[in-house]
Amino acid sequence: MEKVLVLDFGGQYKELIARTIRSLKVYSIIKPGTISVEEIKKIAPIGIILTGGPQSVYLEKSVKPDPAIFELGIPILGICYGMQLIAHMLGGEVSGEGAGEYGQFNVLPTREWALVTDKFGVHNAKPFKALMSHRDKVVRVPAGFVPTSHTDTCIASMDNHHKKIYGVQFHPEVSLTQGGKQIIQKFLYNICEARGDYKLGNFIKGIIKELKDSIGDKKVLLALSGGVDSSVCAALLSKAIPNQLTCIFVDHGFMRQGEGDEVEQVFSNMDLDFIRVNAQSRFLRKVEGVEEPETKRKIIGEEFIRVFEEAAAKLGDIPFLAQGTIYPDIVESGGAHGATIKSHHNVGGLPDNLKFSKLVEPLSSLFKDEVRKIGKRLGLPDFLVNRQPFPGPGLAIRVVGEITKEKLDTLREVDAIVRAELDKLSKKPNQYFAVLTNTKSVGVKGDDRVYDYVVAVRAVVTTDFMTATYMKIPYKILDTIVNRITSEIKTVSRVVYDVSSKPPSTIEWE
């Protein structure tokens with residue numbers, strides 16, 4: 001299968017670049033920007049994309065690729081910091097002087113542009129709007145390159161068509177850039193000469209064969225949460241190694257209202273061994289007094305593994321532990337140059353002394369939308385495949401600050417109201433939930449002064465979960481939500497609606 005290599009320099013949209021490539025039927029992988037040319041040769045990509053990043057390329061300690069990549073003859077596209085790297089390393093000039101550009105700006109093509117022609121119906125050299133997010137800019141292109149577009153303040157793109165090296169200062173991977181996806185498509189198919197041989201059907205066949213070969217006749221224990229990822233993981237494993245899979249559902253007490261019973265009802269009727277472990281009190285004791293969200297995640301992650309180990313010991317020799325880890329879990333939990341946005345309980349929380357001989361993560365190279373498609377192909381019901389995203393640590397990271405049983409019970413009631421009312425919308429948000437803040441507020445209920453919790457409602461619209469905007473919920477629905485929460489739940493005095501986008505915020509609060 002042909003591959004495009006995305007070299008990561010800490011750019012916030014690296015996953016979106018990789019997802020866009022896959023949506024165009026070309027397989028993509030993300031690697032640290034500093035990997036050696038020898039490693040690149042082993043991967044044998046048909047093209048390389050250099051991501052954005054937070055540093056300045058002209059500083060001595062800024063992250064840079066192996067200079068030899070420019071001599072490999074492999075087509076290269078630099079995006080934002082990636083374009084600046086190309087310019088700086090090949091003899092051009094990058095400057096941090098003057099105003100930056102943050103937001104949508106008009107890009108004006110100045111000549112025939114290899115990445116913007118009418119072959120795919122892209123702009124046809126007409127002005128278009130693109131997302132810019134930079135202060136540094138290329139002020140002089142290297143020898144052999146020509147500027148191909150500009151904004152009012154910077155060179156917006158440059159080409160060296162002879163060497164097949166290209167740079168764009170804007171972000172073609174985001175929806176705020178008009179025709180951005182077609183620009184990436186042009187790079188893949190016209191420049192890299194891709195065949196488009198990445199198909200999920202082929203992936204399923206390949207991963208099932210790989211699972212059979214690597215597991216053999218051994219037993220596997222699966223950490224089943226009932227969410228999309230672990231459910232698809234279970235379906236894949238049951239297809240690859242029937243009668244060798246035991247699914248353990250740990251009810252840690254941080255589930256939404258009635259959710260533990262729903263998970264048990266669904267999976268008890270499937271062709272696999274299902275075990276429910278009720279460990280609510282155990283997990284609550286472990287996080288007692290803990291306020292910091294990263295610490296919560298790691299404690300819960302380690303406790304998950306301990307529960308699985310104990311269950312495995314009772315079941316006999318089960319050497320393999322399976323998890324529904326997906327690609328964004330790994331990338332967001334920190335790479336060589338990417339910031340650790342949040343440690344996922346099934347990645348950053350794994351203890352060093354893991355008591356299984358091997359970890360099985362068949363979805364670890366896939367994005368969420370790909371996982372959902374595979375779930376449908378494997379015959380999982382729509383209500384499970386399209387289930388609301390829910391973090392592994394559950395409500396533990398939607399209760400801000402210290403966790404108590406009282407807070408969890410309050411949040412469960414609030415969240416049930418929010419979901420019930422937003423479920424009535426014909427066009428629902430892509431993700432919606434409630435957060436119990438660590439703040440109390442004065443209120444009046446009846447003739448009494450109260451001093452109770454403030455809860456926040458969050459509802460976002462997104463296609464990729466890497467970027468998101470808040471949903472403009474009709475006021476009538478918001479009124480109903482607020483009135484129900486403050487009337488039905490004694491311990492809440494105030495409701496606020498979160499109107500932050502991602503970035504700069506994340507979808508979850510913690």
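Look up: the structure comes first, before these words.
Computed from a prediction, not measured in an experiment: that's the story for all the values here.

Here is what the cut-offs are and how they apply
Residues numbered from 1 in each chain as written. Predicted model: local features only at pLDDT ≥ 70, side-chain atom pairs only at ≥ 80, totals over all residues. Heavy atoms only, no water. Core = buried A, V, L, I, M, F, W, Y, C linked by side-chain atoms within 4.5 Å. Buried < 20%, exposed > 50% of the residue type's maximum accessible area, 1.4 Å probe, protein only. Helix = DSSP H or I, 4+ residues; strand = E, 2+ residues; numbered from the N terminus. Contact = heavy atoms within 4.5 Å. Pairing = 2+ DSSP bridges. Axes fitted to C-alpha atoms, helices over the stretch in contact; angles between N-to-C directions. Phe/Tyr/Trp six-rings, centres within 6.5 Å; stacked < 30°, edge-to-face > 60°.

**A short note on the nonpolar core**
In this structure, Ile-21, Phe-170, Leu-188, Leu-222 and Leu-237 are the most contacted members of the largest nonpolar core, which totals 99 residues. Among the elements that take part in this core, helix α6 (residues 228-240) stands out by supplying 8 residues, more than any other. When residues no more than four places from it in sequence are discounted, the contact partners of Leu-222 are Ser-230, Cys-233, Ala-234, Leu-237, Leu-245, Thr-246, Cys-247, Ile-248, Ala-322 and Gln-323. By size, the runner-up hydrophobic cluster in this structure holds 44 residues, among which are Val-414, Ile-417, Tyr-453 and Ala-459.

**With respect to the pairing of strand β10 (residues 155-160)**
In terms of burial, β10 is largely enclosed, as 6 of its 6 residues are buried. Both strand β9 (residues 146-150) and β10 contribute to a ladder of 4 bridges, which runs antiparallel. In the strand pairing of β10, His-150 is matched with Ile-155. Counted between consecutive antiparallel strands, the loop separating β9 from β10 contains 4 residues. Direction of pairing for β10 relative to strand β11 (residues 165-168): antiparallel, over a ladder of 4 bridges. In the strand pairing of β11, Asn-160 is matched with Ile-165. Between β10 and β11, which pair antiparallel and follow one another directly, the connecting turn spans 4 residues, one of which, Lys-164, has a positive phi of 60°.

**Re the sheet that holds β9**
To summarise the sheet geometry, strands pair through backbone hydrogen bonds and adopt either a parallel or an antiparallel arrangement. Ordered in space as β2-β1-β3-β4-β11-β10-β9-β6-β7, the 9 strands form an open sheet in which the pairing is mixed. On the outer flanks of this sheet lie β2 (27-32) and β7 (128-134), each paired with one strand and no other. Put simply, the sheet's adjacent strands are angled 30° from each other on average, direction ignored. Along the sheet face, helix α3 (residues 81-89) touches β3 (47-50), β4 (76-79), β7, β10 and β11 and points at about 115° away from the line of β4.

**What about the packing of aromatic side chains?**
One pass over the full model with this rule turns up 9 aromatic pairs. Aromatic pair Phe-249 and Phe-274: ring centres 6.4 Å apart, planes at 20°, arrangement stacked. One end of the pair, Phe-249, is in strand β13 (residues 245-251); the other, Phe-274, is in strand β14 (residues 273-278), and 25 residues separate them in sequence. On the basis of relative accessible area, Phe-274 is assigned to the buried category, the value being 17%. When the ring of Tyr-327 is compared with that of Phe-367, the centres are 5.5 Å apart and the planes differ by 65°; the resulting orientation is edge-to-face.

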